[in-house]
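Summary of structural features
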Amino acid sequence: MSLWSTWLDVIRGTLDVLSTDVGLGLGFGIIVATLLLRALLLPIAWPNDYRACVRQKKMLKLKPELEALKQRYGSDPQLYMQKMSELYRRHQLTMFDGKGLLGALVQLPLLLGMYRTLRTVGDGVRFLWVPNLLRPDIALALIAGLTTALMMAANPDLPEHVRTLMIVLPSVLAIFAALKFSSALAIYWTASNAFSAVQTLALHAVVRRRVRAGAISL
């Protein structure tokens, strides 16, 4: 049996235990399973997102210097890249965050397993006002979109000139996706988005505190 099939079986077994043995029902079982998965991924996700947060704050602080370099050396791409690399090195930044990409790739199959499993569960199962978790629900789709907006808005470092677009566009896409797929998936997206929003708020609070304490130099 492949690792992928084993992982899907683990997800199905966990949902069965939570919904039947624990007595949560499938809807609340999906919520708990999602939160458990996100919590288990924290040892990978937190350091990954921490580095990204610090990098983003450093990049925001360097923005005036980067713009000045572009104005001064923009006509010479090779010299411009050289000066930009020197600026990055002085501030302990790299042009490409390989560790961040690796961390995201490690998490991706585990999260995709939830998506793959929840696409086909819940036929005829009721949850709150939703009569069938295998079918989409408009209200639940709107909630998924709202939590997507909250997740994006929790990041205070989004560029102001595109902040509204970066909040609204993913939210609209989430609504359309939730209307196309099952309500079980909409529940998963809602729970995962809520977890991400709380994690982002906590992460930025930690980074701000360490910046004020001098533990992080921007």
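Notes on the structure follow. (Residues numbered from 1 in each chain as written. Predicted model: local features only at pLDDT ≥ 70, side-chain atom pairs only at ≥ 80, totals over all residues. Heavy atoms only, no water.)

1. With respect to the overall build of the protein
Note the cut-off: Secondary structure elements are taken from DSSP: a helix is a run of H or I of four residues or more, a strand is a run of E of two residues or more, and numbering for both begins at the N terminus. For the exposure calls, accessible area comes from a 1.4 Å probe over protein chains only, and a residue counts as buried if that area is under 20% of its type's maximum, exposed if over 50%, partly exposed in between. Pairs of residues are marked as contacts when any of their non-hydrogen atoms sit within 4.5 Å. The protein chains shown are the only cover counted for residues, whose accessible areas, like all others here, come from Shrake-Rupley with a 1.4 Å probe. When charges are counted, Lys and Arg contribute as positive and Asp and Glu as negative, whereas His and the chain ends are disregarded. For charged residues, the charge sits on one atom: NZ in Lys, CZ in Arg, CG in Asp, CD in Glu.
Of regular secondary structure, the protein possesses eight helices and zero strands. Counting only C-alpha atoms, the protein reaches 65 × 35 × 35 Å along its principal axes. A buried classification covers 38% of the 218 residues belonging to the protein. Long-range contacts, defined as pairs at least 24 residues apart, comprise 70% of the intrachain contacts of the protein with a sequence gap of at least 6. Summed over its atoms, the accessible surface of the protein is roughly 12,700 Å², and 65% of this surface lies on carbon and sulfur atoms. For the protein, the separation between the mean place of its 24 positive charges and that of its 13 negative charges on side chains is 6 Å.

2. A look at unusual backbone geometry
Here L128, not a glycine, exhibits a phi torsion of approximately 50°, which is positive. Checked against the element boundaries, L128 lands in the loop between helix 5 (98-118) and helix 6 (138-153).

3. Side note on the packing of aromatic side chains
Test applied: Planes of paired rings set the category: under 30 degrees apart is stacked, over 60 is edge-to-face and the rest tilted, where pairs are Phe, Tyr or Trp rings (Trp by its six-membered ring) whose centres lie within 6.5 Å.
Going through the model one piece at a time under the given rule, you end up with three aromatic pairs. Measuring from ring centre to ring centre gives 5.0 Å for F28 and F127, while their planes differ by 80°; the resulting arrangement is edge-to-face. Pair noted here: F28 is in helix 2 (residues 25-40) and F127 is in the loop between helix 5 and helix 6, with a separation of 99 residues, a long-range link. With a centroid separation of 6.0 Å and 80° between ring planes, the pair formed by Y115 and F181 is classed as edge-to-face. One end of the pair, Y115, is in helix 5; the other, F181, is in the loop between helix 7 (163-180) and helix 8 (183-213), with 66 residues separating them in the sequence. You can call Y115 partly exposed: its relative accessible area is 23%. Among the aromatic residues, those joined into a ring-pair cluster are Y115, F181 and W189.

4. Some remarks on the nonpolar core
General note: in soluble globular proteins, nonpolar side chains tend to be found buried as a group. Test applied: For this analysis, a nonpolar core means a set of buried residues of the types Ala, Val, Leu, Ile, Met, Phe, Trp, Tyr and Cys, connected via side-chain atoms within 4.5 Å.
By size, the foremost hydrophobic cluster in this structure holds 23 residues, and its most contacted members are I30, M114, L118 and L133. Going through the elements one at a time, helix 1 (3-21), helix 2, helix 5, helix 6 and helix 8 are the ones with two or more residues in this core. In terms of residue count, helix 8 provides more of this core than any other element does, five residues in total. In contact with I30, other than residues within four places in its own chain, are L15, L118, A184, I187 and Y188.

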